[in-house]
Amino acid sequence: MIVIKFPDNSVKEFKRGVSSLEIAESISPGLAREVYASTVNGDVRDLSRPVNEDSSIIFHKWEDKEAKHAFWHTSAHLMASALEALYPGIKFGIGPSVENGFYYDVDPGDGVVISEADFPSIEDKMRELAKDNNKMERIEISKADAMKLFQEKGDEYKTELISELEDGTISLYKLGAFTDLCRGPHMPDTEKIKAIKLLSVAGAYWRGDEKRKMMTRIYGITFPKQKLMDEYLAMLEEAKKRDHRRIGRELELFAFSQKVGMGLPLWLSRGADLRQRLIDFLTAELKRRDYNIVSTPHIGNVELYKISGHYEKYGAASFQPMNTPQEGEQFMLKPMNCPHHCEIYNATSHSYKDLPIRMAEFGTVYRYEQHGELHGLTRVRSFTQDDAHHFCEPDQMKEEFKNVIDLVQWVFKSLNFNDYKAQISLRDPNNKEKYIGNDENWEKAERAIIEAADEKGLDTTVVEGEAAFYGPKLDFMVRDAIGREWQLGTIQVDYNLPERFDMTYIGTDNQKHRPVMLHRAIFGSLERFVALLIESTAGKFPLWLSPDQVIILPISEKYYHYSKKVLNFLNNSDIRTLIDERNEKIGKKIRDNELKRIPYLLIIGEKEEKSSTVSVRKQGEGDKGVMKLEDFVDFIKEEIKNELG
RNA sequence: GCCUCUUUAGCUCAGCCGGUAGAGCAGCUCAUUCGUAAUGAGCAGGUCGCGGGUUCGAGUCCCGUGAGAGGCUCCA
């Protein structure tokens, strides 16, 4: 007999070799029905695997990610099984579970295309196979035998994966006629897979290498209940409504034009206003924080980028240099502001007493992003960075990091932007030759970032190998409406440019020293920031930022005269106010302006005119009652004051 | 750049097996002058992304190309 310990610390004896599922059944059949995977002594395992020694056990119900992963991983096998039945000769790459569902990378063979039109037949086959209550059978064999098996099958992708595994036992999972190399864990069978939907097909390079074959990746999702599927699909629909490309068009914030060119955003007046408001907001804070605002041209001599090293690294993938009427001179659209800023630093001499110098610019840069990469405002070819560079002594680096983290936290908080992640990117310790700079400097910089984040109470994840080639960095990432992560704010250490531009300051010893340079952005790019702000607020901006703050809705023409007086009064009080003079009923005006997400609607009719009041309605909240006009101004000013802390 | 799909009115979309286009919203006009999420009627709006081809005839089929979507790769 063996002793099994449960999460509540109770213990129970079972016969050796009992499965997790049997343990669950012994507690209650209800639990057994709801459990999808188990963690035995810290390892997530199939429910059907035998437990052979005294163990602690945790059961995973649907709420746990371990359960979902087993569920979706098994679903991936189910899909593969269906594909194998429908597409003879199809070969399989990898098929993992992901955050929402699963995918499988397959090679259906030359000339065979799987497209969305094929989904219904694949889904039907999956349903058919799932219903047969197919058992998931775990098979353990030697590496050599596994190799032989997949060689006979002619699946070069699996044999490649096997050849990289360590010698010893390899696990396979067999589902009906489909056997796959797989570590598991899986559900015991496919009985619980009740709702099935394939979502999309996409190309994906084998092993993420663009030089290798493009596989067909099929994404799908499954649930144990149709209700969960319906909820998930409804959630996706809701997310689409928050898409900044859609809201940007609806609210007339920005547009794109084929004639102007792809990836080149056009800010319409309302969007440009909002963008400018963000710039003013940040500029005021930068001045309080001892930044110097500078301004530099949109182009630079190609020699500048040869000095910075960017030409060598990115020149071929950039907008190409433009020529002057005279021969021999070439200029590039600036892809970043830092080389210009380095030359501003070098325009005057510096002593240690000047440092740190914080140089900021809202600089518009141009990058030739690959065609397939462009996406709304989040990935464009022309964008404005809220860029700044801190030039400091090496010992000041940590303090500067803390300053920037503090600024990011303050800005994000002011904008009610709470759902962000901080990621520290360090160099890959096994691949140091990818980076420039000596070990000592790298270690110093990495330590400074980690300590600064720690001292600011910033919750970070650390990723090795993601550093820029010139230094480690700290990025602030935010998710968009459909769950993709985008980088907004960033702080990066750079030992490279001070060297290349031969930047110096005079130290206390009267000798020349090399400053350290930090690159930093808070919004990242205004385009991307506005996009994510739109998606996080669904277009309902904070009052201070909203393109229009108030709209006046006269009940009828009779009240236009008083309405215009109110309009002038509010606009003179610096409240951005519109008037809806369309010949429509009040219900229609309310509806339309609610949909335009204007924060306050003022209804004006006979009562209001007689009493010099306005009837206030807040977007999304409804009627707020009647107020004296002057009181309404104070009310709005108070709300804005509170928003800006 | 690569894979799959999409591209029809300002927007959202319909248009079957090929027989030269249709709805709702928005816009404009008229009537209505209205109290908290859609008043009614009428009008106007399209070389069906662009260029070729097949055909008696192409929005529809084929080829090329532009743009968009979802991924992959990339992201100073």
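Quick note: structure is the one above.
A cluster of nonpolar side chains, contributed by Val260, Leu266 and Leu268, occupies part of the molecular surface with about 210 Å² of accessible area. Considering the arrangement of structural elements, one finds Leu268 in the loop between strand S17 (266–267) and helix H9 (269–288).

It is worth spelling out the sheet that holds strand S13 (residues 178–181) at this point. With antiparallel pairing, three strands are arranged side by side in an open sheet as S11-S12-S13. Looking at strand neighbours, the two that pair on one side only are strand S11 (136–142) and S13, the edges of this open sheet. The sheet shows a mean angle of 30° between the axes of neighbouring strands, taken without regard to direction. The pairing of strand S12 (residues 169–175) with S13 spans four bridges and is classified as antiparallel. Bridge assignment links Leu172 to a residue of S13, and that residue is Leu181. Docked against the sheet, helix H5 (residues 143–153) engages S11, S12 and S13, running at close to 115° with respect to S11.

This part covers the protein's contact with RNA strand B. Of all residues adjacent to RNA strand B, which total 56 residues, the nearest are Tyr205, Glu373, Glu557, Asn583 and Glu608. Taking all atoms of RNA strand B within 4 Å of the protein, the share assigned to sugar and phosphate is 51%. Between Gln258 and RNA strand B, the recorded distance is 3.3 Å, taken from a side-chain N or O atom to a sugar or linking oxygen. A distance of 2.4 Å separates a base oxygen of RNA strand B from a polar atom in the side chain of Glu557. A total of seven residues in the surface near RNA strand B trace back to one element, the largest contributor, which is helix H18 (residues 586–595). Looking at the surface near RNA strand B, its residues break down into 19 nonpolar, 17 polar and 20 charged.

So, on to the environment of Leu570. Within the element layout of this structure, Leu570 appears in helix H17 (residues 560–572). Residues Leu570 and Ile279, spaced 291 residues apart in sequence, show a C-alpha to C-alpha distance of 24 Å. In contact with Leu570, other than residues within four places in its own chain, are Val550, Ile575, Thr577, Leu602, Leu629, Phe632 and Val633.

Quick notes on the rules
- Residues numbered from 1 in each chain as written.
- Chains lettered and ligands numbered in written order.
- Predicted model: local features only at pLDDT ≥ 70, side-chain atom pairs only at ≥ 80, totals over all residues.
- Heavy atoms only, no water.
- Patch = residues over 30% accessible without salt bridge, like charges linked within 9 Å, V, L, I, M, F, W, Y side chains within 5 Å.
- Areas by Shrake-Rupley, 256 points an atom, 1.4 Å probe, with all protein chains shown as cover.
- Salt bridge = Lys/Arg side-chain N within 4 Å of Asp/Glu carboxyl O.
- Helix = DSSP H or I, 4+ residues; strand = E, 2+ residues; numbered from the N terminus.
- Pairing = 2+ DSSP bridges.
- Axes fitted to C-alpha atoms, helices over the stretch in contact; angles between N-to-C directions.
- Contact = heavy atoms within 4.5 Å.
- Near = heavy atom within 4 Å.
- Polar contact = N/O pair within 3.5 Å; in protein donor to acceptor, adjacent residues only side chain to side chain.
- Nonpolar A, V, L, I, M, F, W, Y, C, P; charged D, E, K, R; others polar.

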